[in-house]
Amino acid sequence: MRVAEVVASTLAAHGVSYLFGVLGDGNLPILDVLVREHGADYVAAAREDGAVLMADGYARAGGRLGVATVTHGPALTNAVTALTEAARARTPMLVVAADTPPGDRRNPQAIDQEDVVRPTGAGVQHVHSAESAAADTVRAVRRAFVERRPIVLNVPTPLLGLDAGTGDAGTFREDRTPAPPPSAEEVARVAEALARAEHPVIVAGRGAAHARADLVVLGERAGALLATTLKAKGFFGGDPFDVGVCGGFSTALGRELIRASDLILAVGAGLNSFTVDGGRMLAGDPVIVHNDVRSAAFDEWVPADLRILGDASALARMLAETVEPKTGWRTPEIERRIAEYAYEDEFPDASDETGLDPHTVVAALERMVPRERTLVVEGGHAALSEPCRGLSVPDPSGFVFPVNFGSIGLGLASAIGAATARPDRVTLAVTGDGALMMNLAELDTAVRRGLRLVVVVMNDAAFGYEYHNMLHRGMDVGLSLIPRPDFAAVARAFGAQAVTVATPGELDDLKTLIADPSGPVLVDARLTRNVRTRWFAEHENGLDPADPDFRPRYR
């Protein structure tokens, strides 16, 4: 077999059935074999960064290896921001990239591709020779899973047509053996701390993904509330004592209760500044117990009182067998407050003649979009904090957060990948007008694929984050105002269904359109600029949500 055939067959042997890419002369031999001989479904993106983001969203929502393919030189440099996002999200994925012939200085696309990739945090696996092509491809797959990051499989074009032999180098299978349990002495110390605590809370991160059932039992026995990091959103969904996300994107009720807790048991969670909201979630001076399988995770962000190394599920079982049952937070009153909480009750609607209150838009989406959904958010003012706070998801795989690099413009392509991975769910992508302008071309990809995708544009005809910052600082906000095109008309030109809404009444009419879409739908939600989001008012403008008069509006 030729090298191109070996690389393709090795990927197919690892279960690669979808790949996202932009075709070029360097990667077409591999792509052709994958599609023609192995039946892979190729999703043609408009841009290379879109292809990488699609593979990233596919991996996050589907729990499978994401694969993108690009050709060499500018194709790879186009993908740098997307690669950085995936690396910071620790997404296991491959980018199969062609490379120009070594030493070919006359080729205008020649560049040191390893030097391009290195600053992104992704890894590079070279195909060194025809003879090593299969083993190098297997090694790339192994590294993606073991190192928990994207790996660029760099294939020099002169190798593609060379004979690589049989190409049988086996396959890699991820080791899912649980980590060792914590020591009995460490568990005893945690049990003593729990016995002293009156109002404990368990905060689970993605590292506790296998431990839900055991943590629920422990929470019931210890009288603890259940909460998650943002990226584990939905983990405890359905439990009567689940208070949602812990951190800056907590609900008002979750924030109140967690801040009053006297012990935080963090399992598989990094306890970074977002999870503790810069220390705001530690208002009750709680004892902090931190459990992880990596000792390097301890004290990286917040110093812990107790550090427990070992498997989260084993720790929960051992504690449940040790601690005496107590009521703690689990009173009928707290259960009632959690059951009755509704995001839409946090603030009165502040929509006006200029447009919609972003909180009102989020509340309407929560009511109308099926709960069995995948939510993809976006960086920026209105498309980030309130969708994270007000929109529920059925489990952590239903939440895609392409904002680890702090960029905007990554949401739509990520949502296309997520919708491809989970066609059984409606994918809801909440984006901003400035962000959508950066990757609008990928709407064509969504239409061609017929995806069940609802794109909601939080459109304030501005770079909203900058607008509200400039307004607060007394700067010229005119610099941030950018008139936008008619997004609904543009979407219809692409072949999507689309509508513009500017009043609460028009919002209420959306349900039939977005409840069960058969293809892409775009909603251009025209916002008022007279309302700041709750998170922005607090974190950027320094307002105190504990103040009874707190309102994130200007008037």
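Residues numbered from 1 in each chain as written. Predicted model: local features only at pLDDT ≥ 70, side-chain atom pairs only at ≥ 80, totals over all residues. Heavy atoms only, no water.

Trainee: Could you give an account of the overall build of the chain, with specific residues and numbers?
Mentor: Along the chain, the regular secondary structure elements total 22 helices and 18 strands. Over its C-alpha atoms, taken along the principal directions, the chain stretches across nearly 70 × 65 × 40 Å. Counting only residues that meet the buried cut, the chain has 57% of its 555 residues in that class. Partitioning the contacts of the chain with sequence separation of at least 6, the portion at a separation of at least 24 is 75%. (Helix = DSSP H or I, 4+ residues; strand = E, 2+ residues; numbered from the N terminus. Buried < 20%, exposed > 50% of the residue type's maximum accessible area, 1.4 Å probe, protein only. Contact = heavy atoms within 4.5 Å.)

Trainee: Pulling in residues and values, what's your account of the pairing of strand β1 (residues 18-21)?
Mentor: Where β1 and strand β2 (residues 41-44) come together, 4 bridges link them in parallel fashion. Residue pairing across strands places tyrosine 18 opposite aspartate 41, the latter belonging to β2. At this point the chain moves from β1, through helix α2 (residues 28-38), to the parallel β2, and the crossover so formed is right-handed. Where β1 meets strand β3 (residues 66-70), 2 bridges bridge the pair, whose relative direction is parallel. For glycine 21, the partnering residue across the bridge sits in β3 and is threonine 69. (Pairing = 2+ DSSP bridges. Right-handed = clockwise from strand over helix to strand, strands pointing away.)

Trainee: Explain the packing of helix α1 (residues 3-13) against α2 residue by residue, including any values.
Mentor: Closest axis-to-axis distance for the α1/α2 pair is 8 Å, and the angle between their directions is 50°. With respect to each other, α1 and α2 are oriented oblique. The interaxial crossing formed by α1 with α2 has right-handed handedness. Side by side, α1 and α2 meet where Ala4, Glu5, Val7, Ala8, Ser9, Leu11 and Ala12 of the first sit next to Pro29, Ile30, Val33, Leu34, Glu37 and His38 of the second. Residues belonging to the contact of α1 with α2 are distributed by class as follows: 9 nonpolar, 2 polar and 2 charged. (Axes fitted to C-alpha atoms, helices over the stretch in contact; angles between N-to-C directions. Parallel < 35°, antiparallel > 145°, perpendicular 65-115°, else oblique. Left-handed = near helix turned anticlockwise from the far one by under 90°. Nonpolar A, V, L, I, M, F, W, Y, C, P; charged D, E, K, R; others polar.)

Trainee: Please give an account of the side chain of serine 261 that cites residues and values.
Mentor: Secondary-structure assignment places serine 261 in the loop between α10 (252-259) and β10 (263-267). For serine 261, the side chain forms a polar contact with the main-chain oxygen of histidine 199, separated by 3.4 Å. Within the structure, the side chain of serine 261 is placed 3.3 Å from the side chain of tryptophan 329, a separation counted as a polar contact. (Polar contact = N/O pair within 3.5 Å; in protein donor to acceptor, adjacent residues only side chain to side chain.)

Trainee: Residue-level account of the pattern of salt bridges, with values.
Mentor: Tallied over the full model, the rule gives 32 salt bridges. The closest approach of N and O atoms between glutamate 147 and arginine 143, which form a salt bridge, is 2.8 Å. Of this pair, glutamate 147 and arginine 143 both sit in helix α7 (residues 133-147), 4 residues apart, which is roughly one turn of the helix. Residue glutamate 147 is classed as partly exposed on the basis of its relative accessible area of 29%. In this structure, the salt-bridge partner of glutamate 333 is arginine 336, at a minimum N-O distance of 2.7 Å. One end of the pair is glutamate 333 and the other is arginine 336, both in helix α12 (residues 332-340) and 3 residues apart, which spans about a single turn. Its relative accessible area of 43% is what places glutamate 333 among the partly exposed residues. Through salt bridges that share partners, Asp32, Arg36 and Glu37 make up one connected network. (Salt bridge = Lys/Arg side-chain N within 4 Å of Asp/Glu carboxyl O.)

Trainee: An account of the nonpolar core is needed here, citing residue identities and associated values.
Mentor: The biggest cluster of nonpolar side chains holds 52 residues, and the ones touching the most others in it are Val52, Leu83, Val95, Leu453 and Leu522. Split by domain, the residues of this core number at least three in each of domain 1 (3-159) and domain 3 (343-538). Here valine 52 is in contact with Ala68, Ala79, Ala82, Leu83, Met93 and Val95, once residues within four sequence places are set aside. In this structure, Val377, Val393, Val430 and Val456 belong to the second largest nonpolar core, which totals 39 residues. (Core = buried A, V, L, I, M, F, W, Y, C linked by side-chain atoms within 4.5 Å. Domains from an automatic or database assignment.)

Trainee: Quick rundown of the domain arrangement of the chain? Include the residues and the values.
Mentor: Assigned domains of the chain: these are domain 1 (3-159), domain 2 (184-340) and domain 3 (343-538). The distance between the C-alpha centroids of domain 1 and domain 3 comes to 30 Å. In this assembly, 23 residues from domain 1 lie in contact with 23 residues from domain 3. Between domain 1 and domain 3, the buried area comes to about 1,800 Å², and carbon and sulfur atoms account for 63% of it. Along the contact surface separating domain 1 from domain 3 lie 1 salt bridge. Two residues, aspartate 41 and arginine 449, come together in a salt bridge whose shortest N-O distance is 2.8 Å. Taken together, domain 1 and domain 3 are joined by 9 residue pairs in polar contact (both at pLDDT 80 or more). Put simply, the parts of the chain that give the side of domain 1 that touches domain 3 at least two residues each are β1, β2, α3 (48-62) and α5 (80-88). Here the side of domain 1 that touches domain 3 gets 8 residues from one element, more than from any other, and that element is α3. Residue composition of the side of domain 1 that touches domain 3, grouped by class: 12 nonpolar, 5 polar and 6 charged. (Buried area = accessible area lost by both parts, 1.4 Å probe.)

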